[in-house]
Amino acid sequence: MENIQKEKEKRRREYDQQRQTVFILKKSLKDYHNRVEQLENPFFEKQYSNTTIFKTLSGKVVLSAVAINAMNFVVKLVGWIYSGSSSLFSEAVHSFADTINQLILAFGLHQSLKRPNSEHPYGYSNMTYITSLISGVGIFCFGTGLSWYHGITGLFDPHPIESLSWALVLLIGSAFSESGTLAMAYLDTKQNAKKLGLSFWDYVVQGYKPSVNVVLLEDMAAVLGVVIAASCMTITYYTGNPIADCVGSLLVGAVMGGVASFIIYTNTTALVGKSIPTPKINMISNDLESDIMIRSIHDVKATDLGGQTVMFKAEVDIDGREMTRSYLEKINIENLLDEINNIGNVQDAEKFMLKHGENIVDRVGAEIDRIERNLRKKYPDLRHVDLEVL
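Below is a summary of the structure that appears in this document.

Parameters at a glance
Residues numbered from 1 in each chain as written. Predicted model: local features only at pLDDT ≥ 70, side-chain atom pairs only at ≥ 80, totals over all residues. Heavy atoms only, no water. Helix = DSSP H or I, 4+ residues; strand = E, 2+ residues; numbered from the N terminus. Contact = heavy atoms within 4.5 Å. Areas by Shrake-Rupley, 256 points an atom, 1.4 Å probe, with all protein chains shown as cover. Core = buried A, V, L, I, M, F, W, Y, C linked by side-chain atoms within 4.5 Å. Buried < 20%, exposed > 50% of the residue type's maximum accessible area, 1.4 Å probe, protein only. Phe/Tyr/Trp six-rings, centres within 6.5 Å; stacked < 30°, edge-to-face > 60°. Expected span 1.5 Å × (residues − 1). Salt bridge = Lys/Arg side-chain N within 4 Å of Asp/Glu carboxyl O. Pairing = 2+ DSSP bridges.

This brings us to the overall build of the chain. Looking only at helices and strands, the chain features 13 helices and four strands. Across the chain, contacts joining residues at least 24 apart in sequence account for 74% of those joining residues at least 6 apart. In the form shown here, the chain has an accessible surface area of approximately 21300 Å², with 63% of it arising from carbon and sulfur atoms.

Next up on the list: the nonpolar core. Counting 25 residues, the largest nonpolar core has Val62, Ala185, Val215, Leu216 and Ile263 as the members making the most contacts within it. Among the secondary structure elements, those contributing two or more residues to this core are helix 3 (57-83), helix 4 (86-112), helix 6 (164-195), helix 7 (200-206), helix 8 (210-239) and helix 9 (243-271). Ranked by the residues each element gives to this core, the list is headed by helix 8, at eight residues. Those residues within four positions of Leu216 in sequence are excluded, and the remaining contacts are Leu182, Ala185, Tyr186, Thr189, Phe200 and Val204. Counting 22 residues, the second-largest nonpolar core is a separate cluster that includes Ile294, Phe312, Ile318 and Tyr379.

Turning our eyes to something else, we now look at the packing of aromatic side chains. Enumeration according to the criterion identifies three aromatic pairs in this entry. Taking the centre distance of 5.1 Å and the plane angle of 85° together, the rings of Phe200 and Trp201 count as edge-to-face. For Phe200, a relative accessible area of 17% puts it in the buried group. The rings of Tyr186, Phe200 and Trp201 are connected pair by pair, giving a single aromatic cluster.

Over its 30 residues, helix 8 runs 43 Å from end to end, which matches the ideal 44 Å to within 8%, given 1.5 Å per residue. Just downstream of helix 8, Gly240 is the residue with a positive phi angle, here 75°.

The next thing to look at is the pattern of salt bridges. Summed over the entire model, instances satisfying the criterion amount to eleven salt bridges. When the shortest N-O distance is used, the salt bridge between Asp299 and Lys301 registers 2.5 Å. Taking relative accessible area as the criterion, Asp299 reaches 36% and is therefore assigned partly exposed. Overall, the relative accessible area of 42% leaves Lys301 in the partly exposed class. With its nearest N and O atoms 2.6 Å apart, the salt bridge here joins Asp299 to Lys313. Of this pair, Asp299 sits in strand 2 (residues 294-306) while Lys313 sits in strand 3 (residues 309-318), placing them 14 residues apart in sequence. Look at the salt bridges and you will find they share partners, linking Asp291, Arg363, Glu367 and Arg370 into a network.

Here we take up the pairing of strand 3. Every regular strand shows the same layout, with side chains that alternate between the two sheet faces. Where burial is concerned, most of strand 3 is hidden: seven out of the ten residues are buried. Bridge analysis of strand 3 against strand 4 (residues 382-389) gives seven bridges, and the strand direction is parallel. Each residue of the ladder has a partner; that of Val310, found in strand 4, is Leu382.

Honestly, it's all geometry; don't read function into it.
Printed below as a string of structure tokens:
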């Protein structure tokens, strides 16, 4: 009896050792498949390896906006010094605020391209939302506040406008330069909206590319601000009433405040977790349900992480018959029949069930990996796919 117990213990240790070896082998195989998938997926290499903000369209838009707004700030500041216009002062403040905010956006874009690591497994793509939120707060506090302050003080201590012609020339020149980055931001936004099947304004409102959206909205506000400033300055110059110029400063501040409020709202919504468009969720769900191994899917969630990176999660009901058929296709049926015929007692039956039960469970894992791999290949922005078996 003692020898039998020793033999059982020996076999148990051998079995545990064999399972540990199989586990290590499976883990190594999964790591190998993940690495192969990364090498085969050009989006991964582009997004996380050699990309810099100088190579992306978003980066080019933001950096162009930095250069143009810095130049416009100097031009408008010179115009304000010569003319003394409150509206032109507000426009100079507007361009300065835009320059600082777009430097912050450039930093956010640079950080968002960093590789995921153990501390940030989902990467740094949300940095674009964070810096856009900071930008919106900066526009509201600095740009709007200073413009309103200067407009209100101008009402109590008005000054006449001098050198109107030079001021208008400088404003028109800045409007043309602002229109250049506005056109770049518009084209980038239009292309991305088309890819997602959204209208232009739906894409802007939902804030899928925050850095470009900020540039787009700031430049639209800048062009509108130039029109307001030029109109109010002209009215004041020909009527001799300084109130119109001060009102222009207040209106420019109001435009900046509206843009800032919109930027703050859209980026706050994104940071607390925002779903991708429903049509795209339906497309992914239909592809998932069309797989022969999937009977149904439940609790689908697709969250935009920023930087055109999506985390997709769903619970899947596996078709047990198809899974078993898949397993049987990969083994020798005659050998399986021999094993069944050799079952002579309860221990043999238990051993048979443990062996093939574990193999079928492993097969489920392999099929889930295959399905996730296919989804990521078809939808490159699905960087993180989590399918839970019911």
